[in-house]
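As a plain string of letters, each chain reads:
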Amino acid sequence: MTKTKDRAGDAVSLVYQCRLPLSTRTLTYLADLLRRHLKAIRSRWRTLPPGKTAVIVLAVLRHDQRLADMAGGNDISATTVRRWRDELIGLLAAKAPRLDRALKKIARRGGEVVLIDGTLIPTQRRTGKANRPNYSGKHHRHGLHVLALTDEKGRLIWISAARPGRTHDITAARRDRLLAHLRAAGLGALADLGFLGLDDDPDNPVVVTGFKATRARKLTPGQKDANRALAAGRVPVERGFAHLKNWRILTKLRTDPARATHLFRALLVLTNIEATTEK
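Residues numbered from 1 in each chain as written. Predicted model: local features only at pLDDT ≥ 70, side-chain atom pairs only at ≥ 80, totals over all residues. Heavy atoms only, no water.

S.K.: How would you summarise the overall build of the protein chain if you had to cite specific residues and measurements?
M.R.: For the protein chain, the count of helices and strands is 10 helices and 9 strands. Split into buried and exposed, the 279 residues of the protein chain put 46% on the buried side. Partitioning the contacts of the protein chain with sequence separation of at least 6, the portion at a separation of at least 24 is 62%. Charge centroids of the protein chain, computed over 53 positive and 25 negative side chains, lie 4 Å from each other. (Helix = DSSP H or I, 4+ residues; strand = E, 2+ residues; numbered from the N terminus. Buried < 20%, exposed > 50% of the residue type's maximum accessible area, 1.4 Å probe, protein only. Contact = heavy atoms within 4.5 Å. Lys, Arg positive; Asp, Glu negative; His and termini not counted. Charge placed at Lys NZ, Arg CZ, Asp CG, Glu CD.)

In structure tokens:
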């Protein structure tokens, strides 16, 4: 623990060290990305070097550190930290794969199916009519809905745009023309019952969703076995979401929902770097 003089006066503030559970490869990738960007825009000087800037931004994303806290510990302003965070999020989001390219890459590698699921990322509750669509009746909380695709091993390959929390899985999939992209790539998909009815071709189904019981029709033993097998096959997609949500900034988003899509796609890139490093 070290002591520093506070800018506002002679008060002494305490600065502590905190472990950042990320690989050196992730830090190097982000720092190099920033160096290339600074060279491209001909920025000759920054308060801190790219490596230090990358550490600060990663701490904000991984630990959900408050901007003012990171600013005080590094003798810079909170506005500067916010600008650096938004800058690096934009650079990372630009590296996220498009849906069609991600599916074609899986097909080229010999893959046959992908796993699809939707999730709600909690957000702060805001007042006003504009925030009402963000309330999810299913989860009974405010948030943003996103779809994600993973390969058979649970590695995230694509994430959708952020949509209001009340958006249904099947609605989001239709807006992204997911079925058409899957057919174009020659791939199938395993999904839960939230996507039931997405596939409009019963003779040649692309999206497998299992069977749903109703009051009038109970499931047969064979259908129950099929549902269990499907649930076991979809386990990796839950693991993919778990890796994404390790970034604690997603615990409860305080950023502008309009910028959330860039944040999700930036975290997708960082998550995949970490997953590659773990291997």
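And the narrative resumes.
S.K.: Tell me about the packing of aromatic side chains, residues and numbers included.
M.R.: For any pair of aromatic rings, geometry is given as the distance between the ring centres together with the angle between the planes. In total, this model carries 0 aromatic pairs according to the counting rule given. Between R62 and the ring centre of W247, over which it is positioned, the NZ or CZ distance is 4.8 Å. The residue whose ring lies beneath K245 is F241, and the NZ or CZ to ring-centre distance is 5.9 Å. (Phe/Tyr/Trp six-rings, centres within 6.5 Å; stacked < 30°, edge-to-face > 60°. Lys NZ or Arg CZ within 6 Å of the ring centre and 35° of its normal.)

S.K.: Could you give an account of helix α9 (residues 235-244), naming the residues involved and the relevant values?
M.R.: Inspection of α9 places P236, V237, G240, F241 and L244 among the buried residues, and these make up the whole buried set. Seen end-on, α9 carries its buried residues on one side only, within an arc spanning 145°. (Arc of directions from axis to C-beta.)

S.K.: Describe the pairing of strand β3 (residues 113-122), with residues and values.
M.R.: Of all 10 residues that make up β3, 9 are buried, and the element is covered over most of its length. Direction of pairing for β3 relative to strand β8 (residues 188-190): parallel, over a ladder of 3 bridges. In the sheet register, V114 faces β8, and the bridge partner there is A189. Where β3 lies against strand β5 (residues 141-150), 8 bridges are found, and the strand directions are antiparallel. When the bridges of β5 are listed, P122 appears paired with G143. (Pairing = 2+ DSSP bridges.)

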